[in-house]
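Single-letter residue listing:
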Amino acid sequence: MNDAPRPADLTTFANAAPGPRQRQFAGLVCLAFAALSLALLPFVGQPMAPMPGFVASHQSALTVVYAVTTALFFAQYRRTRSVPLLVLSSGGLYVTLIVAIQLLSFPNVFGTARILGSAPATTTWLWTLWHLGPPLFALPYAIMEGDGRRRSIAPERSASVGIAAAVGVAVAVAGLTYLVVAQVDRLPTTVVGDDYWSLTTSGVGPGVALLTILSLAILCWTTRLRSLLQLWLAVSLFLLLLDNLVTLTGASRGSVGWFSGRFEALISGIVVLCAYLHKVDLLYGHAERIAEARERQRADLQVARDHLAIALEAADMGDWEFDLGSGVSRRSLRHDAIFGYDALQPRWDVATTLAHVLPEDRAAAEAAFTTIATVGSLDLQCRIRRAGDGATRWIELKGRAMRDEAGRATALAGIVVDTTARQDADDRLNQAQKMEAIGQLTGGVAHDFNNLLTIVIGNLDMIVRRPADAQRVERLAGSAMTAARRGAEVTEKLLSFSRRQVLRPETVNPNRLLKDFRTLLERAVGETIAVTFDLDAALDPVRLDPGQFESAILNLAVNARDAMPSGGRLTIRTENLTVTDEDGAALPDLAPGQYVHVAVGDSGQGMDAGTAARAFEPFFTTKEVGKGTGLGLSQVYGFARQGGGQVLLRSEVGAGTTVSIYLPHSKEIAAPARPEGPMPLRRATDGEVILVVEDEPAVLDMAVESLSELGYRTLTANHAAEALARLKGPERVDILFSDVVMPGGMNGVQLSVEARRLRPGLRVLLASGYTASAFGEDGLPADLPLLNKPYGREDLADKLRVVMGRR
């Protein structure tokens, strides 16, 4: 990016502030010449010996001084486009031309006669006109600079305006010259022979002096001599005023006053030029120091580049830079070697890079390079086909965009590294972690189920051997039932963690569920733990499975209870939360949007970082053997993720633990509260017939037995084809009760569709002990009730009530 200052911001002779020493020196110059002029006043009228060639030398020197000063002023105007500088430049050109023309009016310079004019009056009036120039042009400069406003000319017009000003000054000088030469007899008398006293008595000389005094006073008052140019312009006007005084006082050519005035007039022109050239010398020295510093920086930069090249080579990285305008690129050999080349290729651009990317990754790579101009950086991982051996390699590209003053991306620069080895190592590590997780999971499942099956099998074995003892049978059967239900809970938690459980979501207000659940929650944590609710009264509704939500909160409460063996406080808080793009780091895997935040916090022992990192792993537990399954937090995790949300855990040893559940809010209206208390069993009426479809004989027998106890007549089928055959027959069927996963190529959902096509009024109830993936891509239809396996007679009767209540 070009950071060069704009012309108006350059520190130049026109705007550089003078220092105390420069002001003191300027004052000393004025005092010295004022003292000299005062000392000469008694002698200004005395004649001096003739000096052949003095006039020619003096006028030539004046012309050169003012010409050089004018050229410098115009050059500075060209850089700054300042209107006040253009005025001074025009004044310098005016004085240069008038002084050069006055030289032509002197006799014995270029010949014995005068080239312009025929009398001393012409010379005197030209002297008057050039002495009018500096104060006349300094006056508008002082006025414009005094108000502090920046006046500049548009860049496209600055050259033409400068030329127009120069032409205008030349025309004006030509007109004034013609007036003086041709009409000098009609002008007031300013000289008689070599006597200038008429210049004073006519008022012309004092008028010029008064104008000079006025211009000097206004310059000092309005600008306060803030810049070097203003300071030395004031000195120049002061010396020009001394020139007027000693010349008018001497009142004759060749006198001490006349020679002193010529000397002061020359010094008046020189001081501005010398000050300007001194400033140029300072700037030149400053530029030299900057150049030396930049040369040192360039050398340091080269050393840094060499070190970077060594570091990149050691890290097996290649660097690259693409100029987007010209297409020229700069790359290290390692860059091209990563893409399979032994030598640097003659040409390389973004298109060449994309050409090596595999077709499967090319769209993502193109998108990354397209957006780098807007986002400013590149971070891409993709696969390439290497030249030569055609091997597939993983690479990582990182870079950034370089922009111009307008903010447009002009170049791209960055590094490339072959990450194939790292990718392979990551894959192996992930596979090892998966196998470890599977081993831990299967070990935990085997341990728990072996314990439960031991209870079930052992109790049933004892029942079979001595079935006559009713009390003993009842006790053993109850123990086996308890173990079986614990097995069902383990399965349910596993499915919830894996997000495979079939949910029956409702749109509810979590606050209502928590309030209804509070009594059970307080009973679960015990009397030594105070339960506090901090619920947002304006909480948004959420679509979730109420049972799973309550199970998740209960699991968190039980964990909190175990972390507070001596008692403490359990706080449940709810609030609405808006997640933005900036929250991505703090809330990973949550898309921007509206969420309901449910936080369960305790004042317990807390966890260290290692324990907190594994808290959601299934079967991971810090409790003693037999005190926990390690599935509580994993169930919470699965519930939140399956609902489209997230769960985060924050814990500190000795400061407690807070588990935050984030659930997407629902725009639907919350469902009414569920009726309290157990519902009575629904029994069959009017001889209702249920077609039971189940491929597992033992489960089929159990289902038929339960339905018979509820008063239903049953028909059975082992697979979908047999069920359809019976439905095509004349037998009465009121309800189709089918397993979801069955052999034969047709599952329960597909069977229900065919069954309803054959019998449009048929009611359907499905049973499943597996996952939602078994229902296909569209999932379970909303109008099909689902009974989760394992189930008891009461669960079956409750679902049948729902089925028979639908029309």
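Everything discussed here concerns the structure shown above.
The text that follows walks through the structure, step by step, so that each part is easy to find.

## Observations concerning the pattern of salt bridges
So, point 1. Evaluated as defined, the whole model comprises 17 salt bridges.
So, point 2. Close ionic contact of Lys398 with Glu396 constitutes a salt bridge, the shortest N to O distance being 3.4 Å.
So, point 3. Asp562 is paired through a salt bridge with Arg561; the nearest N and O atoms lie 3.2 Å apart.
So, point 4. Classification of Asp562 by relative accessible area gives partly exposed; the value is 32%.
So, point 5. Relative accessible area serves as the criterion here: at 31%, Arg561 is assigned to the partly exposed category.

## Regarding the sheet that holds strand 5 (residues 409-418)
So, point 1. Across the sheet, which stays open at both edges, the five strands sit in the order 2-1-5-4-3 with antiparallel pairing between neighbours. Looking at the sheet topology across the chains shown, the edges are occupied by strand 2 (329-331) and strand 3 (377-385). Direction aside, neighbouring strands of the sheet carry axes that sit 20 degrees apart on average.

## A short note on the sheet that holds strand 11 (residues 646-652)
So, point 1. Within the open sheet, the five strands sit side by side as 7-9-10-12-11. Their pairing is mixed. Where the open sheet ends on each side, the last strands, each with one partner, are strand 7 (529-534) and strand 11. This sheet shows a mean twist of 15 degrees between the axes of neighbouring strands, independent of strand direction.
So, point 2. Sheet topology note: the strand 11/strand 12 (residues 656-664) ladder contains seven bridges and is antiparallel. The residue of strand 12 that forms the bridge with Leu648 is Ser660.
So, point 3. Here helix 16 (residues 546-563) sits on the sheet in contact with strand 7, strand 9 (568-579), strand 10 (593-602) and strand 12, set at roughly 30 degrees to strand 10.

## Re the pairing of strand 5
So, point 1. Of all ten residues in strand 5, seven are buried, a share of seventy percent or more.
So, point 2. Here strand 1 (residues 317-323) runs beside strand 5; their pairing, made up of seven bridges, is antiparallel. When the bridges of strand 5 are listed, Asp323 appears paired with Ala411.
So, point 3. Bridging between strand 4 (residues 392-403) and strand 5 involves nine bridges; their strand directions are antiparallel. The partner of Arg400 across the bridge, within strand 5, is Ala413.
So, point 4. Hairpin geometry of strand 4 and strand 5 is characterised by an intervening segment of five residues between the two adjacent antiparallel strands and by a positive phi of about 85 degrees at Gly407.

## Thoughts on the packing of helix 3 (residues 83-103) against helix 4 (residues 120-146)
Relative orientation and spacing of two packed helices are given, respectively, by the angle between their axes and the distance between those axes.
So, point 1. Running from amino to carboxyl end, helix 3 crosses helix 4 at an angle of 175 degrees, the nearest separation of the two axes being 9 Å. Taken as axis vectors, helix 3 and helix 4 run roughly antiparallel relative to one another.
So, point 2. Its residues assigned to classes, the contact of helix 3 with helix 4 comprises 19 nonpolar, five polar and one charged.

## Points about the side chain of His356
So, point 1. Here His356 is to be found in helix 11 (residues 350-356).
So, point 2. At 2.9 Å, the side chain of His356 forms a polar contact with the backbone oxygen of Thr352.

## Some thoughts on unusual backbone geometry
So, point 1. A positive phi angle is found at Arg224, which is not glycine, with a value near 55 degrees.
So, point 2. Tracing the sequence through the fold places Arg224 in the loop between helix 7 (204-223) and helix 8 (228-250).
So, point 3. Given the relative accessible area of 46%, Arg224 is considered partly exposed.
So, point 4. Even without glycine at this site, Leu225 takes up a positive phi of about 55 degrees.
So, point 5. Looking at the secondary structure, you find Leu225 in the loop between helix 7 and helix 8.

## Focus: the nonpolar core
As a rule of thumb, soluble globular proteins bury nonpolar side chains together.
So, point 1. Phe13, Trp130, Leu219, Leu229, Trp232 and Val235 are the most contacted members of the largest nonpolar core, which totals 67 residues.
So, point 2. If you list the elements that add at least two residues to this core, you get helix 1 (20-40), helix 2 (54-80), helix 3, helix 4, helix 5 (155-183), helix 7, helix 8 and helix 9 (256-314).
So, point 3. The element that contributes the greatest number of residues to this core is helix 8, accounting for twelve residues.
So, point 4. Contacts of Leu219, omitting those with residues within four sequence positions, involve Tyr141, Ala142, Arg224, Leu225, Gln230, Leu233, Ala234 and Leu237.
So, point 5. Judged by nonpolar contacts, the second largest core, of 36 residues, contains Ile529, Ala560, Leu633 and Leu649.

## Considerations on the packing of aromatic side chains
So, point 1. Applying the stated rule across the entire model yields seven aromatic pairs.
So, point 2. Looking at Arg224, its charged tip hangs above the ring of Trp221, at a distance of 4.4 Å from the centre.

## Some remarks on helix 12 (residues 359-375)
So, point 1. For helix 12, built from 17 residues, the straight-helix expectation of 24 Å at 1.5 Å per residue is met to within 8% by its first-to-last C-alpha distance of 24 Å.
So, point 2. Three or more residues of helix 12 are buried, namely Asp361, Ala365, Ala368, Phe369 and Ile372.
So, point 3. On its buried face, helix 12 is in contact with helix 11, strand 3, strand 4 and strand 5.
So, point 4. Looking one or two places after helix 12, you find Gly376, whose phi comes out positive at around 90 degrees.

## As for the packing of helix 2 against helix 3
So, point 1. Where helix 2 contacts helix 3, the two axes come as close as 8 Å, and the packing angle between them is 160 degrees. By the angle between their axes, helix 2 is roughly antiparallel relative to helix 3. Two packed elements cross with a definite hand, and for helix 2 against helix 3 that hand is left-handed.
So, point 2. Tallied by class, the residues present in the contact of helix 2 with helix 3 amount to 16 nonpolar, eleven polar and no charged.

## Notes on the side chain of Thr63
So, point 1. Turning to its location among the elements, Thr63 is positioned in helix 2.
So, point 2. When near neighbours in sequence (up to four residues on either side) are disregarded, Thr63 contacts Thr96, Val99 and Ala100.

Thresholds applied
- Throughout this document, residue positions are counted from 1 along each chain, in the order its sequence is written.
- pLDDT decides what is reported in this predicted model: residues at 70 or higher carry local features, side-chain atom pairs at 80 or more are listed and counted, and totals for whole chains, interfaces and linings draw on all residues regardless.
- Think of the side-chain values as coming from all heavy atoms in the structure, minus any hydrogens and water.
- Salt-bridge detection follows one rule: a side-chain nitrogen of Lys or Arg within 4 Å of a carboxyl oxygen of Asp or Glu.
- Accessibility here uses a 1.4 Å probe with only protein chains present; expressed as a share of the type maximum, an area under 20% marks a residue as buried, one over 50% as exposed, and anything in between as partly exposed.
- Only strands that DSSP links by at least two bridges are regarded as paired with each other.
- Secondary structure elements follow DSSP: runs of H or I of four or more residues count as helices, runs of E of two or more count as strands, with numbering from the N terminus.
- Geometry is summarised by axes, namely lines fitted to C-alpha atoms with helices restricted to the contacting stretch, and by angles between N-to-C directions that run from 0 to 180 degrees.
- Between two residues, a contact is recorded if the distance between any of their heavy atoms is within 4.5 Å.
- Here the word oblique covers every angle except those under 35 degrees (roughly parallel), over 145 (roughly antiparallel) and from 65 to 115 (roughly perpendicular).
- Amino acid classes used here: Ala, Val, Leu, Ile, Met, Phe, Trp, Tyr, Cys and Pro are nonpolar; Asp, Glu, Lys and Arg are charged; the rest, including Gly, are polar.
- Between N or O atoms, a polar contact is any pair within 3.5 Å; within protein, one atom must be a potential hydrogen donor and the other a potential acceptor, and residues adjacent in sequence are included only when both atoms are from side chains.
- We define a nonpolar core as any set of buried Ala, Val, Leu, Ile, Met, Phe, Trp, Tyr and Cys residues linked to one another through side-chain atoms lying within 4.5 Å.
- We call Phe, Tyr and Trp rings a pair once their centres come within 6.5 Å, taking the six-membered ring for Trp, and we label the pair stacked below 30 degrees between planes, edge-to-face above 60, and tilted otherwise.
- Counted as over-ring charges are cases with an Arg CZ or a Lys NZ within 6 Å of the ring centre that also lie within 35 degrees of the ring normal.
- Helix span is expected to be 1.5 Å times the residue number reduced by one.
- Left-handed describes a crossing whose near helix is turned anticlockwise from the far helix by less than a right angle; the clockwise case is right-handed.

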